[in-house]
Amino acid sequence: MKIPITPVMVTGSTGYVGGVLVKQLLKAGLTVHCPVRDPAKESKLQHLKDLDGSEKLKFFKADLLTKGSYLEPMKGCSVVFHLAAPFITVVPKDKVQEVLLDPSIKGALNVLESANAESSIKRVVMTSSIAAIVTDGTDCEEALKRTGKMCNEETWNESATETFNPYALSKTMAEKSAWAFMEDNDCSYELAVCNPSFVLGPGVKVFEGSESYAFMKKMGDGTYKKTPDISMAVVDVRDVARGHMAAGFLPSVTGERYILNGANTNILDMGKVIFEAYPDYPLPSSRIPKWLIYCIAPLLGQTRQYVSRSVGTNKDLDNAKSLRKLELGEYTPLAKTLNDMFKQCVDNGFIPFVESKH
């Protein structure tokens, strides 16, 4: 893969996935422009400044919803990686537009419009999600019955609404808006979209507020010791960064979307994997019957629609296209993803240390 020496820009650089992408870009010798809300807030930037090669980082003030704020950080860049978007799965009904839809859709269009005003930009890589492809296992099973194939990049999410998985709706609408923008405008650059599954694996630090780290904490502190039969598609954060770099620099990969997915698994099986390395922790070890979860769902902050569609169904996605066209070779084994992240959480005290009994 031939990587240009020109600078690149990364939105969402201070986040979980963004930090690992920035780390890999710096390792490749690139200058990385990082637009952030407040460049003066050192505490939000220190984990990036601690990376090897951080002398090639440049920080700029910008905001997703402020038009034109990305023009300055884009100057001289050849590739824009647009990762910034809210990842929040529980949002009050009256806040969906403000918290999810506006930042996702308007933010993406703000970046695309700004890129069209900067002649040096040749490619934009946008982070979408498998949530723009399917909402849950029911979508996957219905697609399999209908087409005889696992869900792939040809599939679009048609089940999410503002009241049922609004996060998935935000990802779907944002990605569709991006493709429509490219169709409707004479853009001077090309677009590629990455659709990662649920991202796990070690970040450049423990991101305590992220959904991914919150999930891993619950895996290790006993919260999920008894768990529903929920299928999950999981990808290593390091593979997500590799996929973005491939989408940014390989020839003949633009104009398409790519599922980044390392494993189709479930919570109980992930618990068994971690147990092999950490047998003293209260990891997931048994299943709660679907009927019981269905009855108490409202008490757990979930809808019965979610339980009906997600528990006991298989969320399987096809990653063949990303392996082939993005030349990823293979995805990180699930055990390495889980154990590396679990170790990071224990070492940093995010998951309470448990003395070995063995």
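This structure is a prediction, so every number in the text was calculated from the model and none was measured.

Once that is clear, we can look at the sheet that holds strand S6 (residues 190-196). With parallel pairing, the 7 strands of this open sheet are ordered in space as S3-S2-S1-S4-S5-S6-S10. Every other strand in the sheet has two partners, leaving strand S3 (57-61) and strand S10 (257-260) as the edge strands with one partner each. Here the strands of the sheet are splayed against their neighbours by 20° on average, with no regard to which way each runs. Pairing between strand S1 (residues 8-11) and strand S2 (residues 32-36): 2 bridges, direction parallel. Counterpart to Met9 in the pairing with S2 is His33. Where helix H1 (residues 16-27) meets the sheet, its contacts fall on S1, S2, S3 and strand S4 (79-82), and the angle it forms with S1 comes to roughly 165°.

Within strand S5 (residues 123-127), 5 of the 5 residues are buried, which leaves it mostly tucked inside the rest of the structure. Neither face of S5 is exposed, since Arg123, Val125 and Thr127 on one face and Val124 and Met126 on the opposite face are all buried. Where S4 lies against S5, 4 bridges are found, and the strand directions are parallel. The residue bridging Val79 from the neighbouring strand is Arg123, located in S5. Handedness of the S4-helix H4 (residues 96-115)-S5 crossover: right-handed.

Before going further, it helps to spend a moment on the pairing of S2. Counting buried positions along S2 gives 5 out of 5 residues, so the element sits mostly inside the fold. Of the two faces of S2, the one holding Val32, Cys34 and Val36 and the one holding His33 and Pro35 are both buried throughout. The parallel pair S1 and S2, bridged by H1, forms a crossover whose chirality is right-handed. In this sheet, S3 lies alongside S2 in parallel orientation, the contact comprising 5 bridges. When the bridges of S3 are listed, Pro35 appears paired with Phe60. Once the chain exits S2 it traverses helix H2 (residues 42-49) before rejoining the sheet at S3, and the crossover so formed is right-handed.

Another aspect to go through is the packing of helix H9 (residues 267-277) against helix H13 (residues 334-347). As a packed pair, H9 and H13 sit with axes 9 Å apart at the nearest point and diverge in direction by 65°. In this structure, H9 crosses over H13, and the sense of that crossing is right-handed. Within the contact between the two elements, H9 uses Met270, Val273, Ile274 and Ala277 and H13 uses Leu334, Ala335, Leu338, Asn339 and Phe342. Taken together, the residues of the contact of H9 with H13 sort by class into 8 nonpolar, 1 polar and no charged.

The geometry of helix H7 (residues 211-220) relative to H13 is characterised by a closest axis approach of 10 Å and an angle of 85° between their N-to-C directions. As far as their axial angle goes, H13 and H7 are roughly perpendicular. Counting all contacts with H7, which are made through Ser212, Tyr213, Met216 and Gly220, the residues of H13 involved are Leu338, Met341, Phe342, Gln344 and Cys345. When the residues that make up the contact of H7 with H13 are grouped by side-chain class, the tally is 6 nonpolar, 3 polar and no charged.

Cut-offs applied
Residues numbered from 1 in each chain as written. Predicted model: local features only at pLDDT ≥ 70, side-chain atom pairs only at ≥ 80, totals over all residues. Heavy atoms only, no water. Pairing = 2+ DSSP bridges. Helix = DSSP H or I, 4+ residues; strand = E, 2+ residues; numbered from the N terminus. Axes fitted to C-alpha atoms, helices over the stretch in contact; angles between N-to-C directions. Contact = heavy atoms within 4.5 Å. Buried < 20%, exposed > 50% of the residue type's maximum accessible area, 1.4 Å probe, protein only. Right-handed = clockwise from strand over helix to strand, strands pointing away. Left-handed = near helix turned anticlockwise from the far one by under 90°. Nonpolar A, V, L, I, M, F, W, Y, C, P; charged D, E, K, R; others polar. Parallel < 35°, antiparallel > 145°, perpendicular 65-115°, else oblique.

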